[in-house]
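# Coordinate analysis (summary)
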Amino acid sequence: MGKIPLRHQKQKKMEEQEFSNEIRTNLELILKEQLELSAKTDYRQVAAFIPFVYQSERIFLSAAGRSGLALKAAAMRLMHFGLQVFVVGEITAPAIGAGDLLIVASGSGTTSSVLTAAEKAVKAGAKVLAFSTTLTSPLAKLAAHTIIIPAAQKEDHGKSISAQYAGSLFEQGLWLLTDAIFQTMWAEKGIPAEQLWKRHANLE
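Since this is a predicted model, take the numbers as computed values, not measurements. (Residues numbered from 1 in each chain as written. Predicted model: local features only at pLDDT ≥ 70, side-chain atom pairs only at ≥ 80, totals over all residues. Heavy atoms only, no water.)

With that settled, the discussion passes to the nonpolar core. Within the largest apolar cluster, 33 residues are counted, with the highest numbers of intra-cluster contacts made by Phe49, Ile103 and Phe131. If you tally residues by element for this core, the top one is helix α7 (residues 168-189), at seven residues. Among residues more than four places away in sequence, those in contact with Phe131 are Phe49, Ile103, Val104, Ala105, Ser106, Ile147, Ile149, Phe170, Leu174, Leu177, Thr178 and Ile181. By size, the runner-up hydrophobic cluster in this structure holds 14 residues, among which are Leu102, Leu115, Ala117 and Ala118. (Core = buried A, V, L, I, M, F, W, Y, C linked by side-chain atoms within 4.5 Å. Buried < 20%, exposed > 50% of the residue type's maximum accessible area, 1.4 Å probe, protein only. Helix = DSSP H or I, 4+ residues; strand = E, 2+ residues; numbered from the N terminus. Contact = heavy atoms within 4.5 Å.)

Within a regular strand, side chains alternate between the sheet's two faces. Most of strand β1 (residues 59-63) sits inside the fold, with four of its five residues counted as buried. Sheet topology note: the β1/strand β2 (residues 85-87) ladder contains three bridges and is parallel. The partner of Phe60 across the bridge, within β2, is Phe86. Taking the sense of rotation as the criterion, the β-α-β connection linking β1, helix α4 (residues 65-80) and β2 turns out right-handed. One ladder, built from five bridges, connects β1 with strand β3 (residues 101-105); its direction is parallel. Paired with Ala63 across the strands is Ala105, a residue of β3. (Pairing = 2+ DSSP bridges. Right-handed = clockwise from strand over helix to strand, strands pointing away.)

Taken by themselves, the reported measurements are silent on function.
As structure tokens, then:
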């Protein structure tokens, strides 16, 4: 292969510099939006998550898409506490029943798979705790408690709430908020990190 002409090398460097500036600008935009989201969040509403978890025999988590990835991350942290935690849809997840808790997330509160899981959980006698952007949705009506993340919904393309694509702000906020909840639970319990780490996967 021959050498890349000098003019192409210069163009490539200019493009890299342009992209690097844009990436930094967009990361700062994301962080700014998360700080604004934090300022609008009702943390007394969020705090109810903890007693719901402690008062439940087993914990199930269900969400679709990127929200599902955020809740899987939360499931891992709850597992580190030694709680019985299951991700809905995994082949080893058992039947839910009375005394159990289903944690779900749906920005719109209308995601069909999440609604179906919530309906079945309520019918089985379990409680439902939801993360959403609205209290006026089918999911909120099923939930014993709904935590509002004041972000844009997936189909809100007006950019009035967030400049980011689709439901990015909600999904990011869900991940960060559940991490903040875990950090609070960890501080309250005072369990050494070394003890929690013993439960971390060792087949990786």
